[in-house]
Amino acid sequence: MPVEIPADHGGTGVDDTGEPCGDLIAGYDEDGPTAFECGALVRHTETGYRCSRGHSYTYAVHREAEGWDYASDPAEAELLGRAGVLGVHPGDGRPWV
């Protein structure tokens, strides 16, 4: 069931589920390896959004409250760790080791 996000929390105040997921997926076309947008419908949640193919995103205010943030590589995760923040993989939420 979609969650209605009030305008003062970044939503439209109505059921705003019609937008496609923009996460990139590796694939192939006639020219070889490529990347394309997921395109699955996005469902907004109380803390971010999730698409029907499992991609998700958590808003910064919630990441900060929970003590973690997205890190694109081990070096960024190390810098976050020095600040007392757990760095996690953007794609699946696993902590960088």
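Residues numbered from 1 in each chain as written. Predicted model: local features only at pLDDT ≥ 70, side-chain atom pairs only at ≥ 80, totals over all residues. Heavy atoms only, no water.

### Some details on the overall build of the chain
Within the chain one finds two helices and seven strands. Secondary structure of the chain in N-to-C order comes out as β-β-β-β-β-α-β-α-β. Every one of the 97 residues in the chain was classed for burial, and the buried ones make up 25%. Within the chain, counting contacts between residues at least 6 apart in sequence, those at least 24 apart form 14% of the total. (Helix = DSSP H or I, 4+ residues; strand = E, 2+ residues; numbered from the N terminus. Buried < 20%, exposed > 50% of the residue type's maximum accessible area, 1.4 Å probe, protein only. Contact = heavy atoms within 4.5 Å.)

### Section: the sheet that holds strand β3 (residues 42-44)
The three strands are arranged β3-β4-β5 in an open sheet whose pairing can be described as antiparallel. One side of each edge strand has no neighbouring strand; the edge strands of this open sheet are β3 and β5 (56-58). For this sheet the average axis-to-axis angle between neighbouring strands, irrespective of direction, equals 20°. As paired elements, β3 and strand β4 (residues 48-51) share three bridges and run antiparallel to each other. (Pairing = 2+ DSSP bridges. Axes fitted to C-alpha atoms, helices over the stretch in contact; angles between N-to-C directions.)

### Some points on the environment of Glu 46
Within the element layout of this structure, Glu 46 appears in the loop between β3 and β4. C-alpha separation for the pair Glu 46 and His 62, spaced 16 residues apart in sequence, amounts to 9.5 Å.

### Description of the confidence of the model for the chain
The predicted coordinates ought not to be read in detail in places where the model reports low pLDDT. Averaged over all residues, the pLDDT of the chain is 84; the fraction at 70 or higher stands at 82%. Here residues 1-7 is modelled with pLDDT under 50, and outside its nearest four sequence neighbours on either side it reaches 20 contacts, counting other chains as well. Confidence over residues 9-15 falls short of pLDDT 50; this stretch has twelve contacts with residues more than four positions distant or in other chains. (pLDDT = per-residue confidence, 0-100.)

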